[in-house]
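Below, each chain spelled out in residue letters.
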Amino acid sequence: MVITMGALLVISLFTISALAVAQNDLPVARKDQDTKQAYAAAEAGIADYFFHLSQDNAYWGKCTGVPAPTAVNQAWNGVGADTRTNSRLIAGSSAWYTIELLPANGATSCSAGNAQNTMIDANTGTFRIRATGHSRTAKRSIVATFKRKNFLDYLYFTDYETADPTWYTLDTNGHATRSGTSPTWTGPDYVTWGSQNCPVYWRQGRGNLGYTGQIFQGSPASWQTFVDNCTEIQFAPNDKINGPFHTNDEILVCGTPTFGRNAQDRVEVSGPGWRGNGGCSGNSPNFVGTWTPNAPLLTLPPTDNSLSTVAGSSYRFTGRTTIVLNGANMTVTNATMGLNNVSMALPANGVIWVANGSCGQGYNPLDPYNAPQGCADVYVQGSYGSDLTIGSEKDIIVNGNLTKSGDTMLGLIANNFVRVYHPETHNDANDATNCTNQAGVMTNVSIDAAILSLQHSFTVDNYYCGTPLGTLTVNGVIGQKFRGPVGRGNGQSVINGYTKNYNYDDRMRFRSPPHFLDPIQAAWRISRYTEQIPPR
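As a starting point, this report considers the structure included with it. All values derive from a computational prediction rather than experimental measurement.

For the rest of this paragraph, the subject is helix α4 (residues 190-197). All buried positions along α4 are accounted for by Tyr190, Trp193 and Gly194. Relative to the axis of α4, the buried residues are bounded by an arc of 100 degrees and lie together on one face. If you check the start of α4, you find a side-chain oxygen 3.1 Å away from the backbone N of Val191, and it comes from Asp189.

Shown next as structure tokens:
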């Protein structure tokens, strides 16, 4: 009995000890679980902010004035009562998170009226947020650094450094072409051939491509042999690209054009280098910026049609539209919709959209101003006093100086062309370059805008006609699929059209016109992701 009682006592002691150990482990396990849940909640906070930033690239500039529900707060310094009053609960959990905007450049908070200087680091072009996750008594903080890399980082962006195949009709003076073999001639015409073959990079063999067929011309007209190839466009001796540069292709230079303002401006080509025009002497580009061959490809968005859902109903137009900007207002003319010099305030959300009606016609380089009234050709000029983006399902035509008033930004986004107005009278059906200036020809044009042609080019109408027009100054960004011509030269100087003077708007490194990048997903990216210890 004594032995039995002793054994029971020992067993009881072991049981009590095991229970005590298990009970002591419960708080440790609970704390570990809460700590992990707090970290997961902090990650959810970063993901929440990143999602909204991807939907609206200017989300960061609104500081805490973002749509509800929101967890966004000004930064708390950790002293006194917690000022982070906005928070979000994780669905299906008791964990929650707050988001703080971490100011830069010595500022104490993000200012919606001065977000550029209070949120964006002046040296790196980045901004930071802190997300703190809570679960019971546990909390953990993550600091994420956001940086944007896309075509708005560059004054000049092209996918292809070759002419838009639409312009190939100029090489034929609008005459019919055909290819293949007699008598069926089932091959494509020259413009169609260019569209099918020339959108390849130089390094992929574009220079070896050639068209052989026939052209219907002469007096009397007859089918004659026609041979041509993909059209290359050069940078002329007096051209200046005053900002960062990127092409997915390679560049052709004549003489000593200038690229970049200083070593901070990257001059990027996705190919191995540059080529000199054999018809020019002393080809040696002046790379003031940092020459960077073999750079990664950057891909243009396919369309801007998402802007149609962003623009308010009063700012959605159909067919040919003329817009004259005047500070905070604009005057709109649209015959299709019965509008004649109607005065309107600029849209509150900064977006105007113009859609095609009955159009059925693309750009005609030899007759650019006779498209049907239903085509979304948007004529715009004037001075804008608030941030604005104009999107077109077809073309945007700048028919006067387009300048900013104050710290404002303008975006011009066209599915097809963004064009500079240049009316000419063609005098000879067999020579497209024989033409005379019409009234309205503009000299020394200035455009303050971020320009984006998604499927075609930024160009000057009738660029090959008339006397030199002075300088085309663009302060902003030019992004285009194909290299767009704005003038012609003889190897040493401009003989038609404009000399380029393109200047980068450094605000584009971290700001954009309203919803300008909606066609691109996640324009901002997280460049750094670290846990802050101790948490805030």
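The structure having been displayed, the exposition proceeds.
Quick look at the nonpolar core now. Counting residues in each nonpolar core, the largest one holds 78 residues, and the members touching the most others are Ile390, Leu412, Ile447, Phe458, Leu472 and Tyr502. For this core, the element with the highest residue contribution is strand β31 (residues 445-453), accounting for six residues. With near-sequence residues (within four places) excluded, Leu472 lies in contact with Val420, Val445, Ile447, Phe458, Val460, Val486, Tyr498, Thr499, Lys500, Asn501 and Tyr502. Counting residues in each nonpolar core, the second largest holds 27 residues, with Tyr49, Leu53, Val66 and Ile142 among its members.

On inspection of all chains with the given rule, the structure shows 22 salt bridges. For Arg483, the salt bridge goes to Glu161, with nearest N and O atoms at 2.7 Å. With Arg483 in strand β33 (residues 468-483) and Glu161 in strand β6 (residues 156-163), this residue pair connects regions lying 322 residues apart in the sequence. For Asp265, the salt bridge identified is with Arg261, shortest N-O distance 2.7 Å. Looking at Asp265, the relative accessible area reads 0%, which means it is buried. Here the salt bridges share partners, and the residues they tie into one network are Asp377, Lys394, Asp395, Arg419 and Asp461.

Spatial strand order, β7-β8-β9: three strands in an open sheet with antiparallel pairing. The sheet is open, and its two edges are formed by β7 (177-178) and β9 (222-229), each paired on a single side. The pairing of strand β8 (residues 210-217) with β9 spans eight bridges and is antiparallel. From the neighbouring strand, Phe216 faces β9, where its bridge partner is Trp223. The strands that α4 touches are β7, β8 and β9; relative to β9, the one it contacts most, it runs at about 20 degrees.

On to the pairing of strand β4 (residues 127-135). For β4, the buried fraction is high: eight of the nine residues fall into the buried class. Here strand β3 (residues 96-102) runs beside β4; their pairing, made up of seven bridges, is antiparallel. In the sheet register, Thr98 faces β4, and the bridge partner there is Thr132. Counting the residues between successive antiparallel strands, the hairpin from β4 to strand β5 (residues 138-148) contains two residues, one of them, Arg136, with a positive phi of roughly 55 degrees.

Attention now goes to the packing of aromatic side chains. Within the structure shown, the criterion is met by 29 aromatic pairs. Among the aromatic residues, those joined into a ring-pair cluster are Tyr49, Phe50, Tyr59, Trp60, Phe127 and Phe146.

This brings us to the state of the cysteines. Chemically, a disulfide is nothing more than a covalent bond linking the sulfur atoms of two cysteines. Considering all chains together, one arrives at five disulfides under this definition. Through a disulfide, Cys198 is tied to Cys230; the S-S separation comes to 2.0 Å. Judged by the sign of its S-S torsion, about -85 degrees, the cystine formed by Cys198 and Cys230 is left-handed. Remark: Cys230 occurs in the loop between β9 and β10 (234-235) and Cys198 occurs in the loop between α4 and β8; sequence separation between them is 32 residues. The exposure class of Cys198 is buried, given its relative accessible area of 0%. Bridging Cys254 to Cys280, the disulfide has an S-S length of 2.0 Å. On the sign convention where negative means left-handed, the S-S torsion of about -105 degrees between Cys254 and Cys280 marks this disulfide as left-handed.

With that settled, the discussion passes to the sheet that holds strand β16 (residues 274-276). Ordered in space as β10-β13-β16, the three strands form an open sheet in which the pairing is parallel. The open sheet has two edge strands with one neighbour each: β10 and β16. Summarising the sheet, β10 and strand β13 (residues 251-253) pair through two bridges and their orientation is parallel. Considered in β13, the bridge of Gln234 is made with Leu252.

Here we take up the pairing of strand β26 (residues 395-404). With seven bridges joining them, strand β24 (residues 377-384) and β26 adopt parallel strand pairing. In the sheet register, Val378 faces β26, and the bridge partner there is Ile396. Bridge analysis of β26 against strand β28 (residues 418-420) gives three bridges, and the strand direction is parallel. When the sheet's bridge partners are listed, Val398 is paired in β28 with Val420.

Cut-offs used in this document
- Sequence order as written defines the numbering, with residues in each chain counted from 1.
- Reporting in this predicted model follows two pLDDT cut-offs: at least 70 for local features of residues, and 80 or more for side-chain atom pairs to be given and counted; totals over whole chains, interfaces and linings ignore these cut-offs and use all residues.
- Hydrogens and water are ignored here; the side-chain numbers use all heavy atoms of the structure.
- Any residue under 20% of the maximum accessible area for its type is buried, any over 50% is exposed, and the rest in between are partly exposed; the area is computed with a 1.4 Å probe on protein chains only.
- Segments assigned H or I by DSSP are reported as helices when at least four residues long, segments assigned E as strands when at least two residues long, and all are numbered from the N terminus.
- Think of the arc as the fan of directions from the helix axis to the C-beta atoms.
- Under this definition, polar contacts are N or O atom pairs within 3.5 Å; protein pairs additionally need one hydrogen-donor-capable and one acceptor-capable atom, and for neighbouring residues in sequence, both atoms have to be side-chain atoms.
- In this description, a nonpolar core means a group of buried Ala, Val, Leu, Ile, Met, Phe, Trp, Tyr and Cys residues linked to one another through side-chain atoms lying within 4.5 Å.
- By the convention used here, residues are in contact when the closest approach between their heavy atoms is within 4.5 Å.
- Any carboxyl oxygen of Asp or Glu that lies within 4 Å of a side-chain nitrogen of Lys or Arg is treated as forming a salt bridge with it.
- The rule for pairing is simple: two strands pair if DSSP sees at least two bridges between them.
- Helix axes are fitted only over the stretch in contact, all axes being lines through C-alpha atoms; the angle between N-to-C directions runs from 0 to 180 degrees.
- Stacked, edge-to-face and tilted labels apply to pairs of Phe, Tyr and Trp rings (six-membered ring for Trp) whose centres lie within 6.5 Å, assigned for plane angles under 30 degrees, over 60, and everything in between, in that order.
- Put simply, a disulfide is two cysteine sulfurs that come within 2.5 Å.

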